[in-house]
Structure formats: C-alpha cells, structure tokens
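The chain contents come next:
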Amino acid sequence: MDSIQVTGGAALHGTVRIHGAKNDALPILAATAAVRGKFVLRNCPKILDIELTEQILHTLRISTVWDGDTLLVDSTQMQPAEIPNELACQMRASVLFLGALLTSCGRASIPFPGGDWLGFRPVDYHIRAMERLGAQISAETDRIIGSGKLHAGVVELPFPSVGATENLLLSALGADGPVRIIGAAKEPEVSSLAAFLSGCGAQITGIGTSCLTLTPGPLHGTAHEILPDRMETVTYLCAAACAGGEITLTGVRPELSKPVLDALRTAGCELAETEDTLTVRAGGLHAVPPIVTAPYPGFPTDAQPLVTAALLRSDGITVVEERVFGSRFHHIPALLAMGANLETAGQILRIRGVEQLHGADVTVTDLRGGAAMLLAALGAQGESLIRGARILRRGYQDLIPNLCTLGANLREV
Ligand code: UD1
C-alpha cells in the first residue's frame, strides 16, 4: 500500500472487529527479551511495527511463530546482540529494549529510537531514572549504551511518560530489590504490561495508579491477552462520524476510551455500548467544548487528529489544545487542502466547521495524522489521493478492506 484513492460521500454501515493494541503488544514483545521463557500472546495485531519488533527479536535469537492472531514467542535461546539501526529507527518502542536487555544481559546497545515526528522526543526520563538506580548509560550520537544492573530504590518521573514507565518496569525486573516509580503513567497499556510481568513472576503493586512498585522474583514465560486497540476503536468511530451511517465495533473495551466517547456524544453521535461492543450512529455534528489532550485518563493525544477530522464539518467552533507533544499538527495542511477551516497558534488548534470538504492530493505525515486525512477524505466530495499510506500499516491491520466492507469507496494504488 503506497497510496489510497478515496471517493468520498459513501455512508458506512456494518460491523468491524477491533484488533489487539499496538501500544500494548510492543512493550510486551520487548519484555520477552527481558525474561527467558516461552510466551503465548493472544489477540496480537499483525501490523508493521509488530513485524519490525519481531525482526529485532530474531536478531536476539528469540523466535516468533504466528498461530492465527496468537503470537508464540520463545526466548529460551536468547543471545545478546546490538539492535540494528535500520529496525530501531523506524519505531519509538525500540527504546524499550534498553530496559529489557539490561535485565537479561546486564548490557544493552540500542540506536536512538525513531517513530512519528511529533516534536523533539527525548528519552532523558528513561536514562536519568535508570542512572539514578545505578545503571551506567552513555548516550552517544547515534546509540544508547547501557550496562550494570539496577539496585533497589525510588525514582520519580517529571511527567507520566508511557515509554519511561514501561522501560523502568523492564529494567527493574533485574534489580536487586524493590523499585518504586512515582509519577508513573496510568495508561491501560502500562497496566497490561505490569499484569504481563506479574505473570512472569515479578511482584507489582499499585497497578493502574501513579505509584508502581516492582519487586523482582524468579522469572519465567507466561500467557497473556493483548488489550483491544483504543486508537483503532476511535479511528472507526471517527470514520463513521466523518462519513455518516451506523457501524458496530466488536471486541472493544468502551470504558478505556471514555473522554473520546464523551466528546463524540456531545458532538451529536448516538453511541450505544455493551461490555465489549460499541455502536455509533452519526449524522450532522456540532462543535464541542474545548478538547485538551492529557495523560490517561485524560483525552488521549493520539485521538486528537482523529477527532479533529470528525469535527471538520461540524456546526460551530471547537478549540483543541495539544498538551502532550510539542508538535502534533503536521496533518493540518492536508486537511486545509480539503477545504477545512482550521487555524493553529502554538499548541492550539481552532476548528471552524465548514459545510463541505472536497477531495485533495495529500501525503501522510504520521500514523494518526495520516488516518485523519483518510477519514476526512471519506466525508469529502469527490476524489482524494492519500500518498505515503504505507505508514498506516504501522498501526492498522486490515484498515482498507474493513472500510471497504463498511461501504467506503476506496482502493489501494
Ligand atoms: C506513547 C505511545 C504514543 C502516545 C504517547 C502518549 C507507544 C509505542 N507510543 O509514546 O502512541 O502518543 O505514549 O500517550 O506506546 N518525554 C520527555 N522525555 C522522555 C520521555 C518523554 O521529554 O524521556 C516527553 C515526550 O516528548 C512527550 C511526553 O513526554 O512530550 C509524553 O511522552 P511519552 O508518554 O513518553 O510517549 P511515548 O512513550 O513516546
């Protein structure tokens, strides 16, 4: 998939099953390099970032075998190795191999991680916290090299960083006593990683709170079910909001997306939820009170571009404030090219709804920004060409076939 041709205007109808979460599966796969054992990971998504992570695992002699949507991982024969640049530079989550390899090998050499450009994305919280717990880390120009095992202690994160919390949990598995993380991220994917590590033999208290304590123990393999993807869920909801129609999502956890569901309801979407399904019916939408992105349980930054797309044709003005990343409006020029009325000032975006959008030739800038372009195109009049759409494969399984099944008029070119 390099480009997607979209003819907008078709309402969506039908049912889609949501896959496992990228941001849950990635740290758990990194964790298999911290623990020698055999793992059964159910509900694993088949997406590009997982393929890349499998390749990193293979360089460490960790095997992976698919059985439907279950990934079987065997790290019993693991051998230390440098993580290759060409793999790590494509993905942010590659930095988690720092903590994982410190635990299993006492040494790690990883390239600076890649991933979406959302402003400068340092890893100083990861490094400083590990150093405070006794690891020696040198961050050279293109690699981070760590050595030494952690000692017991308390670290406080200046911001509840998801990646730093996960990396600390992975490195704490090899510590000589309990490690307490104050100011930890509370995202459901962090709690899922903690539950996975508990299954591997660590003792973890405070799961789901901002104070996590990990007490290391003898480690072994385990089985775990990956959470449903919150952002895939929001993407389909916003697709229906853009194109109109009525769709049902199955295999979801609605309670994990509450701030987004609240915003869509306020905008006029009819949403019905059960424990594991969500049905959305969307017609004309109106503006909503200001949206401010924040760490969980706040409004997720990853949903910001998607909900923006949903509000482009709303009645009125919505203000969006991006507070998690320094630069997360790269998709805005593409939406402007489709006729949207948007203004940015620093971290603030003002959406003034327009009657109609029109098709345009645009290029994907980042995973969620690219998805926002695709959603806007579904609700625009005429044809759009979304270039660079391979990036969407990083985080979405079967996105194009699923949208076609729902009645969207689009094809890969
Ligand atoms: C993860 C998610 C990403 C999501 C983000 C916030 C994965 C693979 N990615 O990214 O989809 O958008 O959480 O929910 O799970 N920061 C620093 N120094 C650090 C670490 C972070 O300054 O050492 C800053 C970042 O630049 C950013 C903020 O903290 O401004 C939040 O980043 P963080 O929570 O770490 O996001 P990621 O783990 O990279």
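All figures in this text were calculated on a predicted structure; none of them were measured in a lab.

1. Observations regarding the domain arrangement of the protein
Argument step 1. Assigned domains of the protein: these are domain 1 (3-19 + 228-412) and domain 2 (22-225).
Argument step 2. Look at where the C-alpha atoms of domain 1 and domain 2 centre, and you get two points 30 Å apart.
Argument step 3. Taken together, the contact between domain 1 and domain 2 spans 24 residues of the former and 21 residues of the latter.
Argument step 4. Between domain 1 and domain 2 we count three salt bridges in total.
Argument step 5. In terms of residue class, the side of domain 1 that touches domain 2 is built from nine nonpolar, six polar and nine charged.

2. With respect to the sheet that holds strand E10 (residues 179-182)
Argument step 1. Spatially, the four strands line up as an open sheet ordered E9-E10-E12-E11, and their pairing is mixed. Every other strand in the sheet has two partners, leaving strand E9 (153-156) and strand E11 (203-205) as the edge strands with one partner each. Across the sheet, the mean angle from the axis of one strand to that of its neighbour is 15 degrees, orientation sign disregarded.
Argument step 2. As judged from the three bridges shared by E11 and strand E12 (residues 211-215), these two strands associate in the antiparallel manner. Along E12, the bridge assignment pairs Gln-203 with Thr-215.

The rules behind the values
- Residues numbered from 1 in each chain as written.
- Predicted model: local features only at pLDDT ≥ 70, side-chain atom pairs only at ≥ 80, totals over all residues.
- Heavy atoms only, no water.
- Domains from an automatic or database assignment.
- Contact = heavy atoms within 4.5 Å.
- Salt bridge = Lys/Arg side-chain N within 4 Å of Asp/Glu carboxyl O.
- Nonpolar A, V, L, I, M, F, W, Y, C, P; charged D, E, K, R; others polar.
- Pairing = 2+ DSSP bridges.
- Helix = DSSP H or I, 4+ residues; strand = E, 2+ residues; numbered from the N terminus.
- Axes fitted to C-alpha atoms, helices over the stretch in contact; angles between N-to-C directions.

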